[in-house]
Amino acid sequence: MSAPSANRGFPKTLGQALVLLILVVLLPLLAAEGAIYYLWFRAQKAAEMNANLEVAHGVAAAFENYVQGLHRHQLALGLALLELDANREHEGLTLLSLSAAEYPAVRCWLWLDSGGQVVFSTDRSRIGSRYADFDRVAKGPANGLGDLSSPESAMFPIWRRIDNESGRLLGVVLAEVDGDKLGHLVLQIHRTHGGAFVLFDGQGRLVYRYPEVSDLRHDVWRDADAVLKKALETNQVQVGVYNSPLFGDRRFAARVPIETLGWVAGAGRPVEQAFALALRSLWLVGALNVLMVLLCLAGAGLLSRRIVGRLRALQEHARALGRGEFSHRVDPAGGQELAELGQRFNEMATQLQQRAADVDKAMTELQRSNRELEQFAYVASHDLQEPLRVITGYLQLIERRYRGKLDADGEEFIDFVVDAVKRMQCLIADLLEYSRVGTRGRPFVSTDAEMVLQRAVEALSQAIAETDAQVMHDPLPTVEADEIQLMQLFQNLIGNALKFHGPRRPEVHVSARADKDDWLFSICDNGIGIEPQYREQVFVIFQRLHTREKYPGTGIGLAICKKIVERHGGRIWIESALGGGSVFCFTIPQRRAA
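Let me begin by describing the structure that accompanies this report. Remember, predicted model here, so these are calculated numbers, not experimental data.

Thresholds applied
Residues numbered from 1 in each chain as written. Predicted model: local features only at pLDDT ≥ 70, side-chain atom pairs only at ≥ 80, totals over all residues. Heavy atoms only, no water. Salt bridge = Lys/Arg side-chain N within 4 Å of Asp/Glu carboxyl O. Helix = DSSP H or I, 4+ residues; strand = E, 2+ residues; numbered from the N terminus. Buried < 20%, exposed > 50% of the residue type's maximum accessible area, 1.4 Å probe, protein only. Phe/Tyr/Trp six-rings, centres within 6.5 Å; stacked < 30°, edge-to-face > 60°. Lys NZ or Arg CZ within 6 Å of the ring centre and 35° of its normal. Pairing = 2+ DSSP bridges. Axes fitted to C-alpha atoms, helices over the stretch in contact; angles between N-to-C directions. Contact = heavy atoms within 4.5 Å. Polar contact = N/O pair within 3.5 Å; in protein donor to acceptor, adjacent residues only side chain to side chain. Arc of directions from axis to C-beta. Left-handed = near helix turned anticlockwise from the far one by under 90°. Nonpolar A, V, L, I, M, F, W, Y, C, P; charged D, E, K, R; others polar.

1. Remarks on the pattern of salt bridges
So, step 1. Evaluated as defined, the whole model comprises 15 salt bridges.
So, step 2. Arg107 is the salt-bridge partner of Asp178, the closest N and O atoms lying 2.6 Å from each other. With Asp178 in strand β5 (residues 169-178) and Arg107 in strand β1 (residues 106-113), this residue pair connects regions lying 71 residues apart in the sequence.
So, step 3. A relative accessible area of 7% places Asp178 in the buried class.
So, step 4. Judged by relative accessible area, Arg107 falls into the exposed class, the value being 52%.
So, step 5. Taken together, the shared-partner salt bridges in this structure form one network comprising Glu152, Arg217 and Asp219.

Structure follows, in structure tokens:
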């Protein structure tokens, strides 16, 4: 593992190390405080939920007792009213008035006959009219409770049907109850610190709220209050948090269904007020924690300033050495450790100065050697080929002059020599080209790979026509490359596919895609393929897998390809199977380091 990767994640400066040490000490303490506050908040939440449940149960019990008491009174009142006929209106009104005095939350008392007509009423204007919602009363339970009919009014009916022994309806005692008065007079449960209790009818419409809100509309809360909705659907006690339709804040809530009536009583408190004490304590402790951390960081800064100042001076000396100023020396001042470090810097500078001199000497020798190699390559390409051309010329002259005068063996021998000389010329030319990949290459410039591929295909046009090959390509990127060598790379690889195509019509496809920091090029063919054990061998110079008679060549082409790719900072490999075609892959970096 390299040093940068091994130190990844560690502090880069002494100041950062001291800060990290402080955090290592403080974080467990802060985590413990956080855990304590978390448990405290959970306990506060549980206590708040229990308090809300207790209030909601109280509201439910008070309302249920009121309705049950009213039903009992209505039964007695109905039996008394049965004894009166319409002509005894005064006596009927007296009974209803006495009931109104006993139940002040009832705004209007009515006695209905079996057809729904109002016989007696505390509101004399309604006598003789038919009760509007009588069908629901007649078909409902004997002891009935109706929902609010309008968001503008908190009025709701409570009735008691009077039936004979056979179940035939004789009459109905109906009380229209004012929900606001009922809350004042009956639901005497008080909450403090922002707490409230509510009463909902069977539709989820708000009937009463304490503390009261001016201009309160009795809207349906069913969809806005998820806790209420679940209580109505399941007919079970529910607790949770919801967004208040009245104030828009988050509130703890308990909703208790009144099973015998189908209504729901509830209680709640704003989350912010329920946690007011805990939040104030949390802010106070948090401020103290921040102050403690700041003091620790300030101490760490004072402690590291003296050390860091000296280390930065040494760092500047190191940069000077990095710039090649090997004559630079450090004043070994400071504490014992820093003075010893300064001495080591001076020793390192002396060693680097000596090694730099050795490197300069080696570079001079290397440049001289490269010049000699280039001169040797020129000699190999010119002086060695000249005798071969002379030999070839004389052999061709002998062949023309003595053709038919020599026996069959003599003419065959001449053909062997001519062929050997031609192969030697090709071998020398390929060796010269291989040697010049690294020494005669051009600088890397922005190169359109697609345009370079087109020129390579044009250069291979004769071979493509002879083999009836099809060369296709996807869109290719622009890369930093030596344009001439990139063309040679494409030409060699596509030419290789045309040469080893087998009995089928050659098909070659060139593509490229981004692969992390590289461009990955692929040249796919449908040729004879290569066995896995030879995938590395084919890139070695002079290595051949077939005889010259079957596939001509010097065995240097793929070695040249490998050298070109490596000069560009990439790598080349084969993905192939015998008889299944080959895929030559090579990479070129997307951005070359400056």
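On we go.
2. Some words on the packing of aromatic side chains
So, step 1. Scanning all chains against the criterion turns up 13 aromatic pairs.
So, step 2. Here a set of aromatic residues connected by ring pairs shows up, and it is made of Phe41, Phe252 and Phe275.
So, step 3. Over the face of the ring belonging to Tyr242 we find Arg255, whose NZ or CZ atom lies 5.1 Å from the ring centre.
So, step 4. It is Arg571 that lies over the ring of Trp573; its NZ or CZ is 4.1 Å from the centre.

3. So, the sheet that holds strand β17 (residues 582-589)
So, step 1. Across the sheet, five strands lie side by side as β12-β14-β15-β17-β16; this open sheet has mixed pairing. Pairing within the sheet leaves two strands with one partner each, and these edge strands are β12 (470-473) and β16 (572-576). Within this sheet the neighbouring strands show an average axis-to-axis angle of 20 degrees, counted without direction.
So, step 2. Sheet topology places β12 next to strand β14 (residues 507-515); four bridges connect them, and they run parallel. Along β14, the bridge assignment pairs Met472 with His509.

4. With respect to unusual backbone geometry
So, step 1. The linkage connecting Tyr210 with the following residue, Pro211, adopts the cis geometry, with an omega of 0 degrees.
So, step 2. By the secondary structure assignment, Pro211 is in the loop between β7 (206-210) and α6 (226-234).
So, step 3. In this structure, Asn235 is a non-glycine residue whose phi angle is positive, near 55 degrees.
So, step 4. Note that Asn235 resides in the loop between α6 and β8 (238-243).

5. Quick look at the environment of Gln44
So, step 1. Relative to the helices and strands, Gln44 is located in helix α2 (residues 14-82).
So, step 2. Exposure remark for Gln44: the relative accessible area of 24% places this residue in the partly exposed category.
So, step 3. When the C-alpha positions of Gln44 and Leu277 are compared, they lie 9.9 Å apart, and in sequence the two are 233 residues distant.
So, step 4. Look past the residues within four positions of Gln44 in its chain and what remains in contact with it is Ala274 and Phe275.

6. Overview of the side chain of Ser99
So, step 1. If you trace the backbone, Ser99 turns up in helix α3 (residues 89-102).
So, step 2. In terms of polar contacts, Ser99 uses its side chain to reach the side chain of His73, at 2.7 Å.
So, step 3. Residue contacts for Ser99: discarding those within four places in its chain leaves His73, Leu77 and Trp109.

7. Here's the deal with helix α12 (residues 449-459)
So, step 1. Those residues of α12 that fall on the buried side of the exposure criterion are Ala449, Val452, Leu453 and Ala456. One side of α12 carries all its buried residues, which in axial view fall inside an arc of 100 degrees.
So, step 2. Check the buried side of α12 and you find it contacts β11 (445-448), β12, α14 (483-499), β14 and β15 (518-525).
So, step 3. The N-cap residue of α12 is Asp448: its side-chain oxygen and the backbone nitrogen of Glu450 are 3.0 Å apart.

8. What about the sheet that holds strand β4 (residues 155-163)?
So, step 1. The strand order across the open sheet formed by five strands is β2-β1-β5-β4-β3, and the pairing between neighbours is antiparallel. In this open sheet, the two edge strands, each paired with only one partner strand, are β2 (118-121) and β3 (143-145). Each neighbouring strand pair of the sheet contributes to a mean axis angle of 20 degrees, computed without reference to strand direction.
So, step 2. Bridge count for β1 against β5 is seven bridges, and the pairing is antiparallel.

9. Examining the packing of α14 against helix α15 (residues 557-567)
So, step 1. Direction vectors running N to C along α14 and α15 enclose 145 degrees, while the axes themselves pass 10 Å from each other. Regarding α14 and α15, the two cross each other, and that crossing is left-handed. Only Gly557, Leu558, Ile560, Cys561, Ile564, Val565 and Arg567 of α15 make contact with α14, whose side of the interface consists of Gln485, Gln488, Leu489, Asn492, Leu493 and Asn496.
So, step 2. Classifying every residue of the contact of α14 with α15 by side-chain character gives seven nonpolar, five polar and one charged.

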